[in-house]
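Chain by chain, the residues run as shown.
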Amino acid sequence: MTVYGSFPGARPRRLRTTPAMRRMVAETRLHPSDLILPAFVREGAGEPVAISAMPGVVQHSLDTLRKAAVEAVSVGVSGIMLFGVPEDAKKDAVGTAGTDPDGILQVALRAVREEVGDDLVIMSDLCLDEYTDHGHCGVLDAEGRVDNDATLERYAEMAQVQADAGAHVLGTSGMMDGQVGVARDALDTIGKEDVGILAYAVKYSSAFYGPFREAVGSSLTGDRKTYQQDSANVRESMRELALDLEEGADMVMVKPAGPYLDVLARVAAEVSVPVAAYQISGEFAMIEAAAEKGWIDRDKAIMESLTGIKRAGAKMILTYWATEVARGL
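None of the values given here were measured: they were computed from a predicted structure.

The contact between helix α8 (residues 261-270) and helix α10 (residues 298-312) brings their axes to 8 Å, and the two run at 35 degrees. Across the interface between the two elements, L261, L264, A265 and A268 from α8 touch G308, I309 and A312 from α10. Its residues placed into classes, the contact of α8 with α10 shows six nonpolar, one polar and no charged.

See the structure below:
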């Protein structure tokens, strides 16, 4: 005689029986509109320059950057985050190229805006590290320390020239105290109230930035531990998050993404603004390197990593695979 309700009466595996069943009950879905493409543009480049630590990623010329933006639009990617790589000879102690209207980032912003208009959210990196000869994200004082308030004056200038060049959104990545409020005031002063701010509210000092430093030709000596956040902390990050929101942030970022999914989930649970996460260069490079060795399935690992970031609460994901993944979704 059959005994109904005998163990196991509950069989969750019934909802995993076929690919169609798994798709139907999936709780987290990636969409092309979730994705933002970080892109590097190199001053004076006539053709793309490969980045050895980031297979498949390049320092664009202006022409190939335009093409990358058009391709991103065509597959439904929502945004592009631009990073300028100036000529070494143009770097100086205060990052003059970062506020020069004819600096490489401003030239690139105008080129992309001309090419795609409002079809792509054009974002710009508001930080001095690419443009300083010492590689730090700010101006140094007489003792060689990053001077927070002197740096804010430079960020205000950067905000205005980037907005004038066509940025829809500024990414405040420099991690100076008060940077969001200063950028917001600077934008409003010149009538750029509609330009948004993506605050890097939670940006940790991380070993995973290594390949990025090659990508932007960083001149950094030392580290950024006095201004980027300590990876051991989360209350500190929540305080920074609250301050950025008080100063007028329209969106907030957690960076890196993968090693900090717990922080990302907490941020997403506590704020009412859109939350972004940046799958950074080291995260990208590890998957590419392991796949090249044949140790993991590249495509499945990419999708699993991005799905984990989305599941943890990110509304937007900055990833170097944005266009590739969007094409396949």
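Structure's up, so let's keep going.
Turning our attention to the pairing of strand β6 (residues 169-172). Here β6 shows no split at all, with V169 and G171 on one side and L170 and T172 on the other all buried. A crossover links strand β5 (residues 121-126) with its parallel partner β6, the connecting element being helix α4 (residues 148-165), and its sense is right-handed. Bridge count between β6 and strand β7 (residues 196-203): four bridges; the pairing is parallel. From the neighbouring strand, L170 faces β7, where its bridge partner is I197. What joins β6 to β7 is helix α5 (residues 179-189), and the crossover it makes is right-handed.

This paragraph deals with α5. Burial in α5 covers these residues: Q179, V180, G181, A183, R184, A186 and L187. At its buried positions, α5 is contacted by β5, α4, β6, β7 and α7 (235-246). Two residues or fewer past α5, G191 is found with a positive phi of approximately 75 degrees.

It is worth spelling out the pattern of salt bridges at this point. Under the definition given, this model contains 19 salt bridges. Two residues, K91 and D88, come together in a salt bridge whose shortest N-O distance is 3.7 Å. Assessed through its relative accessible area of 10%, K91 is described here as buried. Owing to a relative accessible area of 60%, D88 belongs among the exposed residues under this scheme. One salt bridge in this structure joins R145 and D141, with 3.1 Å as the shortest N-O distance. By relative accessible area, which is 52% here, R145 ends up exposed. Sharing partners across several salt bridges, the network here consists of E288, R298, D299 and E324.

Right, let's get into empty space enclosed by the protein. A full pass over the atoms with the stated rule returns one cavity of 30 Å³ or more. By volume, the largest cavity is sized at about 130 Å³. Of the residues assigned to the lining of the largest cavity, the class counts are eight nonpolar, three polar and five charged.

To continue, consider α10. Helical periodicity: at 3.6 residues per turn, an α-helix aligns residues three or four positions apart in one direction. Helix length check: α10 (15 residues) gives 21 Å between terminal C-alpha atoms against 21 Å at 1.5 Å per residue, within 8%. For α10, the secondary structure elements touched by its buried residues are α8, β9 (275-278), α9 (281-292), β10 (316-318) and α11 (322-328). Between a side-chain oxygen at the N-terminus of α10 and the backbone nitrogen of D299 the separation is 3.2 Å; the capping residue is D297. One or two residues past the end of α10 sits G313, with phi positive at roughly 130 degrees.

Take the side chain of D244 next. Note on placement: D244 falls in helix α7. For the buried D244, which has no salt bridge, the nearest side chain bearing the opposite charge is R239, at an N-O separation of 11 Å. Excluding residues that lie within four positions of it along the chain, D244 makes contacts with V180, A199, Y200, A201 and A249.

What counts and how
Residues numbered from 1 in each chain as written. Predicted model: local features only at pLDDT ≥ 70, side-chain atom pairs only at ≥ 80, totals over all residues. Heavy atoms only, no water. Axes fitted to C-alpha atoms, helices over the stretch in contact; angles between N-to-C directions. Helix = DSSP H or I, 4+ residues; strand = E, 2+ residues; numbered from the N terminus. Contact = heavy atoms within 4.5 Å. Nonpolar A, V, L, I, M, F, W, Y, C, P; charged D, E, K, R; others polar. Buried < 20%, exposed > 50% of the residue type's maximum accessible area, 1.4 Å probe, protein only. Right-handed = clockwise from strand over helix to strand, strands pointing away. Pairing = 2+ DSSP bridges. Salt bridge = Lys/Arg side-chain N within 4 Å of Asp/Glu carboxyl O. 1 Å grid on protein atoms, 1.4 Å probe; cavity = no way out; pocket = protein on both sides within 12 Å on 5 of 7 lines; lining within 4 Å. Points joined across faces, edges and corners; volume = space filled by probe spheres on them. Expected span 1.5 Å × (residues − 1). Polar contact = N/O pair within 3.5 Å; in protein donor to acceptor, adjacent residues only side chain to side chain. Lys, Arg positive; Asp, Glu negative; His and termini not counted.

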